[in-house]
Amino acid sequence: MSSAIDQTIAFVKKTLANAEAGHDWFHIERVYKNALHINAIEKADELVVALAALLHDIADAKFNNGDEEIGPRIAADFMRSINLEPAVVEHVQQIIRNLSYKASLGLITFQSKELDVVQDADRLDAIGAIGIARAFTYGGYKNRVLYDPEIKPVLNMSKEEYKNTTAPTINHFYEKLLLLKALMKTEEGRKMAEKRHQFMLDYLEQFYSEFYLII
């Protein structure tokens with residue numbers, strides 16, 4: 001296992017060398033570490049969890065013209081190149097396909113304990129201080145407004161609406177980030193989400209006090 005993981009880490013670091021800062025190697029590393037931490041309790045297949053955490057953003061659809069199969073395809077090609085078992089390759093592909101929040105808005109056709117672990121680990125990196133930083137990094141990358149009081153958050157979006165939104169970054173808190181705590185699948189994920197969720201609430205309170213100049 002160690003050799004496969006070492007090769008995967010090297011591949012991911014090289015592939016994501018010039019990635020957008022919210023989806024770079026450091027994001028992958030945090031998700032990988034969180035996944036291993038959660039899995040120490042959950043006891044899912046460690047190889048599948050590790051590979052899926054490392055490869056989950058190898059080619060994110062939002063940076064590849066919306067192509068939702070490019071990530072699973074690149075991941076599978078790499079895993080086959082290091083001679084991993086077909087069942088492992090297929091399982092990791094399915095996790096990558098079904099991991100994102102966007103995917104959860106569509107028809108859910110796959111579930112596994114390994115998906116739960118990696119999904120929680122990825123969602124933890126979308127909330128709290130890091131999550132806030134990543135949200136504004138991506139908003140800046142897309143040249144989005146920080147906040148516009150005239151543009152209200154849209155709740156209960158469809159998958160297509162979510163994919164195509166251009167809303168201010170603050171809206172993203174209500175449309176996704178503040179919803180993630182309740183969507184955690186593992187007990188440890190839920191525990192870890194508590195503090196990060198509260199941090200976002202505190203941040204929003206401070207943001208509005210500064211935006212509206214409330215002394």
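Right above here is the structure, for reference.
As a starting point, this report considers the structure included with it. Predicted, not measured: the structure shown is a model, and the values here were computed from it.

**Observations concerning the pattern of salt bridges**
Move 1: Following the criterion strictly, the structure yields nine salt bridges and no others.
Move 2: The salt bridge partner of Arg 80 is Asp 77, with a shortest N-O separation of 3.6 Å. Taken together, the residues span about one helical turn, with Arg 80 and Asp 77 both in helix H4 (residues 70-81) at a distance of three residues.
Move 3: Classification of Asp 77 as partly exposed rests on a relative accessible area of 46%.
Move 4: Several salt bridges share partner residues, and in doing so they unite Arg 30, Asp 125 and Arg 134 into one network.

**Some points on H4**
Move 1: Between its first and last C-alpha, H4 extends 17 Å over twelve residues, near the 16 Å set by a 1.5 Å rise per residue.
Move 2: Taken together, the buried positions of H4 are occupied by Ile 70, Gly 71, Pro 72, Ala 75, Ala 76, Phe 78 and Met 79.
Move 3: Where H4 is buried, its residues meet helix H1 (2-15), helix H3 (46-55) and helix H5 (86-98).
Move 4: Positive backbone phi, approximately 65°, marks Asn 83, located one or two places after H4.

Rules used throughout
- Residues numbered from 1 in each chain as written.
- Predicted model: local features only at pLDDT ≥ 70, side-chain atom pairs only at ≥ 80, totals over all residues.
- Heavy atoms only, no water.
- Salt bridge = Lys/Arg side-chain N within 4 Å of Asp/Glu carboxyl O.
- Helix = DSSP H or I, 4+ residues; strand = E, 2+ residues; numbered from the N terminus.
- Buried < 20%, exposed > 50% of the residue type's maximum accessible area, 1.4 Å probe, protein only.
- Expected span 1.5 Å × (residues − 1).
- Contact = heavy atoms within 4.5 Å.

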